[in-house]
Amino acid sequence: MLRINGLTKQFGGLRVLDEVSFQVPEGIIYGLIGPNGAGKTTLFNLITGILKSNTGTVHLGDELLTGLPPHRVTQAGIGRTFQNIRIFREMTLLENVMVGMHDHLRYGLAGTLLALPSHRREEKRGRERARELLSWLSLDTKATIEAGSLSYGEQRKLELARALATEPKVLLIDEPAAGMNPAETEELMGEITCISRRGYTILLIEHDMRLVMGLCQRIAVLNFGVLIAEGAPAEIRCNPEVVEAYLGKDV
Amino acid sequence: MTDDLQVFWATYNTLVYTVGVHAMLALSIYLTLSCGLLSLGNAAFMGIGAYTAALATLRLGLPFGEALALGGLLPGLVALVIGIPTLRLSGVYLAMATLGFGEVVRVVFLNLEITGGSMGLNGIPMKTQLWHIVAILVVLVYGFVRLRRSKIGRAFEAIKEDETAAKAMGINTTSYKLLAFVLGAIIAGVAGGLNAHFTFFVSPREYGFDPAVDILTGAIFGGTGSFVGPMVGSAILAILPELLRFLKAFRLAVNGLILILVVIYLPNGIWDRKLFARLRRKGSA
């Protein structure tokens, strides 16, 4: 589904990602782990076109994503959340999610200004879909309040709903459990599983090993920009290189 | 009674027209501010519109409607051309670039023969009537209300709040910013055309640095949270010097003082919905 091939990114002399290649098969939850500074978020930014890679390619199905501007990558079917929450704080939850639908609401400037039926029909459809997506993350009761007043955990969930609104084929989730307590993390795991069951392919960055091992069918491990392991959770857990990267070497 | 009204109208009709034109300029700058662009080119676009419409009337003898349409079209085209390179800039850099553009426009007016150099254009026939201004404002307000509740209005706001997140939502931020910039220029141009046809003359001075800053001041004074704020703010700033006339030489100083007080104590402008809501709650409690 999502194929990453030989992706390299240098900031000045610093090689943040070095020839990273892996494939995310359709329909699974794929985990991307690694210590801080391993290049995980950089990889997300390269996939979504926010940063340009030095070499290497990203394909979604048969479509080449490398070189496309961010909005075209989204339109091609990549949805994402951000590590440092980036919701639209002054909009309501409903509006936040409807921004995500931008490209799927079929009317233009004329439809809006002349109050054509297309505008009303599409806005109504969009609102209903937005409420449905909010209900997936149990946020539908707060649909009309301002997003800035949500709790931290709720803001993360809103980002998920908003990313789903872009109708992604692959959903990139960047550290969804960061800053959540164990109970919230537990709830989030359930919700991500539900999203996956609805047929979305998910690529997930996470530090919480319990969450990663519990959710993901496959895992890739990055360390200092290099892919050091790739496989099923059981293999990753026993991989000596991974253990070393996380816990350090025996003395 | 009707006599009083006539005297009032005779004295203040220019002021009423000016308030209307300023309201249009306020909407024009609000459009760019609403997607996070600090553009100070509105006075220059107004100038291009004013000269274009005035020349269409004086030289080509076109009917007023067509002159106004040209007065909107040309600034729109200019905005399209200069917007593509300058809208890559943001914040103060965009402000400086658009101010620079304004200076270029002013100097061009000053040196071209067709624009009458420093003398400007004189003897523009009085064609603007009150209903023209009111009708255009009504159409604009209707358009702004419609835009707010559409994907276009939401895209503008998303860009203002977080451009990177807006891109990740599939919004082509470059074209939406360009749209806001061009529409803003068209509105400013039409306002300029209307203005030229009731002040009888246009000169380069009217469209330089001072009015560019005045337009922004009005918008911030009123509050940029909604399109109502800039309209209210620009109207008050247009009327205030008249109300303070009894202060004679000090009136501009007091005018400035009022501005400073508002900016310090009402940072969201005088038209602040959240403040109104708080006051209402306090009143009912």
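Everything that follows concerns the structure shown earlier in this document.
Residues numbered from 1 in each chain as written. Chains lettered and ligands numbered in written order. Predicted model: local features only at pLDDT ≥ 70, side-chain atom pairs only at ≥ 80, totals over all residues. Heavy atoms only, no water.

### Looking at the packing of aromatic side chains
Inference 1: Summed over the entire model, instances satisfying the criterion amount to 13 aromatic pairs over all chains.
Inference 2: Ring centres of Trp-136 of chain A and Tyr-200 of chain A lie 6.3 Å apart, and the angle between their planes is 70°; on these two criteria the pair is classed as edge-to-face. One end of the pair, Trp-136 of chain A, is in helix α5 (residues 117-136); the other, Tyr-200 of chain A, is in the loop between α7 (182-197) and β8 (201-205), with 64 residues separating them in the sequence. Of the two residues, Trp-136 of chain A and Tyr-200 of chain A, both sit in the buried class.
Inference 3: With centroids separated by 6.4 Å and ring planes inclined at 65°, the aromatic side chains of Tyr-51 of chain B and Tyr-207 of chain B adopt a geometry described as edge-to-face. Residue Tyr-51 of chain B is located in helix α2 (residues 42-58), and its partner Tyr-207 of chain B is located in the loop between α8 (173-199) and α9 (209-222); the two are separated by 156 residues in the primary sequence. Here Tyr-51 of chain B matches Tyr-207 of chain B in class, with each residue buried.
Inference 4: Put simply, the rings of Trp-9, Tyr-17 and Phe-198 of chain B touch in pairs and so form one group of aromatic residues.
Inference 5: The ring of Phe-82 of chain A has Arg-86 of chain A sitting right over it, with the charged end atom 5.3 Å from the ring centre. (Phe/Tyr/Trp six-rings, centres within 6.5 Å; stacked < 30°, edge-to-face > 60°. Helix = DSSP H or I, 4+ residues; strand = E, 2+ residues; numbered from the N terminus. Buried < 20%, exposed > 50% of the residue type's maximum accessible area, 1.4 Å probe, protein only. Lys NZ or Arg CZ within 6 Å of the ring centre and 35° of its normal.)

### Notes on the layout of surface pockets
Inference 1: Counted as a void, the largest pocket has a volume near 1500 Å³.
Inference 2: Taken together, 39 residues line the largest pocket, and the ones lying closest to its centre are Glu-90 and Glu-95 of chain A together with Arg-148, Glu-157 and Gly-225 of chain B.
Inference 3: Every element with two or more residues in the lining of the largest pocket is listed here: α3 (93-100) and α5 of chain A together with α1 (2-33), α5 (130-148), α6 (151-161) and α12 (273-284) of chain B.
Inference 4: In the lining of the largest pocket, the residues fall into 14 nonpolar, 11 polar and 14 charged. (1 Å grid on protein atoms, 1.4 Å probe; cavity = no way out; pocket = protein on both sides within 12 Å on 5 of 7 lines; lining within 4 Å. Points joined across faces, edges and corners; volume = space filled by probe spheres on them. Nonpolar A, V, L, I, M, F, W, Y, C, P; charged D, E, K, R; others polar.)

### Examining the interface of chain A and chain B
Inference 1: Facing 31 residues of chain A, the contacting portion of chain B comprises 26 residues.
Inference 2: Taking both sides of the interface into account, the surface hidden between chain A and chain B amounts to around 2600 Å²; carbon and sulfur atoms contribute 62%.
Inference 3: The largest share of the area that chain A buries against chain B comes from His-71, Phe-88 and His-102 of chain A, three residues that together contribute 24% of it.
Inference 4: Here chain A and chain B share 3 salt bridges between them.
Inference 5: Salt-bridge contacts for Arg-86 of chain A lead to Asp-162 of chain B; the nearest nitrogen and oxygen are separated by 2.8 Å.
Inference 6: Elements supplying a minimum of two residues to the side of chain A that touches chain B: α2 (70-76), α3, α4 (109-113) and α5 of chain A. (Contact = heavy atoms within 4.5 Å. Buried area = accessible area lost by both parts, 1.4 Å probe. Salt bridge = Lys/Arg side-chain N within 4 Å of Asp/Glu carboxyl O.)

### Re the nonpolar core
Inference 1: Ranked by size, the top nonpolar core spans 74 residues in total, and within it Val-21, Met-24, Phe-45, Phe-156, Ile-171, Leu-194 and Val-202 of chain B carry the most contacts.
Inference 2: Looking at which element gives the most residues to this core, the answer is α8 of chain B, with 13 residues.
Inference 3: Those residues in contact with Phe-156 of chain B that sit more than four places away from it in its chain are Leu-31, Ser-34, Cys-35, Leu-147, Tyr-176, Leu-179 and Ala-180 of chain B.
Inference 4: Grouped together as the second largest cluster of nonpolar side chains are 47 residues, Leu-105, Ile-173, Met-180 and Leu-188 of chain A included. (Core = buried A, V, L, I, M, F, W, Y, C linked by side-chain atoms within 4.5 Å.)

### Examining the environment of Gly-100 of chain B
Inference 1: You can see Gly-100 of chain B is positioned in helix α4 (residues 91-111).
Inference 2: Through-space distance from the C-alpha of Gly-100 of chain B to that of Gly-41 of chain B is 8.5 Å; in sequence the pair is 59 residues apart.

### Structural notes on a nonpolar patch on the surface
All names here are of chain B.
Inference 1: Together, Phe-8, Trp-9, Tyr-12, Val-16, Leu-130, Val-134 and Val-138 line one region of the surface with nonpolar side chains, adding up to about 570 Å² of accessible area.
Inference 2: At the level of elements, α1 and α5 are the ones that each hand at least two residues to the nonpolar patch.
Inference 3: With respect to the helices and strands, the residue Val-134 is situated in helix α5.
Inference 4: Take Val-134: its relative accessible area is 42%, and that puts it in the partly exposed class. (Patch = residues over 30% accessible without salt bridge, like charges linked within 9 Å, V, L, I, M, F, W, Y side chains within 5 Å. Areas by Shrake-Rupley, 256 points an atom, 1.4 Å probe, with all protein chains shown as cover.)

### Looking at the pairing of strand β7 (residues 170-174) of chain A
All names here are of chain A.
Inference 1: Summarising burial for β7: 5 of the 5 residues are buried, a large majority.
Inference 2: Of the pairings in the sheet, the one linking β7 to β8 comprises 5 bridges and is parallel in character. Bridge pairing in β8 links Leu-171 to Ile-202.
Inference 3: One crossover worth recording links β7 to the parallel β8 by way of α7, and it is right-handed. (Pairing = 2+ DSSP bridges. Right-handed = clockwise from strand over helix to strand, strands pointing away.)

### Digging into unusual backbone geometry
Residues and elements named next belong to chain A.
Inference 1: Within the chain, Glu-175 stands out as a residue other than glycine whose phi angle is a positive 45°.
Inference 2: Among the secondary structure elements, Glu-175 is positioned in the loop between β7 and α7.
Inference 3: A relative accessible area of 8% places Glu-175 in the buried class.
Inference 4: Notably, Phe-224 is not glycine yet its phi reads approximately 45°, a positive angle.
Inference 5: Note that Phe-224 resides in the loop between β9 (218-223) and β10 (226-231).

### Brief notes about the state of the cysteines
All names here are of chain A.
Inference 1: Summed over the entire model, instances satisfying the criterion amount to 0 disulfides over all chains.
Inference 2: The structure places no disulfide on Cys-194, whose sulfur is separated from the nearest cysteine sulfur, that of Cys-216, by 16 Å.
Inference 3: Free of any disulfide, Cys-238 has its nearest cysteine sulfur in Cys-216, 16 Å distant. (Disulfide = S-S within 2.5 Å.)

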